[in-house]
Amino acid sequence: PWQHVLEPLSGYLHLAARMLEDDDPALCNAWNFGPIPGEELRVDEISDLFIDLWGKGAWCDTSSEFLPHETGVLRLCIDKAVWQLGWRPRWHMPEAIARCVRWFKSYYEGGDAAKECYTDIAAYERSTAVEAVPKVVLPRLHIPAMRAA
């Protein structure tokens, strides 16, 4: 899935901080830090948004029905990170893409890439978690133990 690099980085830093606080072996597991559910974008949508924000450019779909293709939408289930770590993405996709465009424009125009990174980090730290992920407690499913035959 498409997301700003600061999103998964913040998730892994959040996880590392929790691991330093707590010796819970359940923390030593696989984690997904991805975009807000429902905000996944297709490649053509990302391309169109990027070009609009850049101010010029074009792209051409050269895919073929006769060649292998990727799935239409890639998703990561971030439920575990949300419920067990309290982590949530901070930026909606349009802001993430806009910040990427600003960084690349500055870079290609000879700007200071490090300064742009610090600007994004500071903005990210000031932002609050997106509240689009529902705050409901889902019931646990009871799955009876299987008996040996």
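Refer to the structure printed above.
All values derive from a computational prediction rather than experimental measurement.

(A) Up close: the nonpolar core. Listed in full, the 9 residues of the largest apolar core are L15, L27, W31, F33, I78, A81, V82, L85 and W87. The element contributing the most residues to this core is helix α3 (residues 79–85), with 3 residues. Discounting chain neighbours no more than four positions away, the residues touching A81 are W31, N32, F33, G86 and W87.

(B) Examining the side chain of D120 more closely. Structurally, the position occupied by D120 is in helix α5 (residues 113–126). Classification of D120 by relative accessible area gives buried; the value is 4%. In this structure D120 touches H4, L6, W91, R99 and R102, once residues within four positions along its chain are discounted.

(C) Structural detail: the pattern of salt bridges. Evaluation of the coordinates by the stated rule reveals 7 salt bridges. When the shortest N-O distance is used, the salt bridge between D44 and R42 registers 2.9 Å. R102 is paired through a salt bridge with E116; the nearest N and O atoms lie 2.9 Å apart. Taken as a pair, R102 in helix α4 (residues 93–108) and E116 in helix α5 lie far apart in primary sequence, 14 residues in all. Residue E116 is classed as buried on the basis of its relative accessible area, which comes to 15%. Overlapping salt bridges, with partners in common, bring together E95, R99, R102, E116 and D120 in one network.

(D) Seen up close, the side chain of S106. Looking at the secondary structure, you find S106 in helix α4. Apart from residues no more than four positions distant in its own chain, S106 is found in contact with G111, D112 and E116.

(E) Just the environment of P1, in detail. Its location among the elements puts P1 in the segment before α1 (6–21). Residue P1 is classed as partly exposed on the basis of its relative accessible area of 37%. For P1, the residues in contact, after removing those within four places along its chain, are P35, L74, R75 and L76.

Reading guide: rules and limits
Residues numbered from 1 in each chain as written. Predicted model: local features only at pLDDT ≥ 70, side-chain atom pairs only at ≥ 80, totals over all residues. Heavy atoms only, no water. Core = buried A, V, L, I, M, F, W, Y, C linked by side-chain atoms within 4.5 Å. Buried < 20%, exposed > 50% of the residue type's maximum accessible area, 1.4 Å probe, protein only. Helix = DSSP H or I, 4+ residues; strand = E, 2+ residues; numbered from the N terminus. Contact = heavy atoms within 4.5 Å. Salt bridge = Lys/Arg side-chain N within 4 Å of Asp/Glu carboxyl O.

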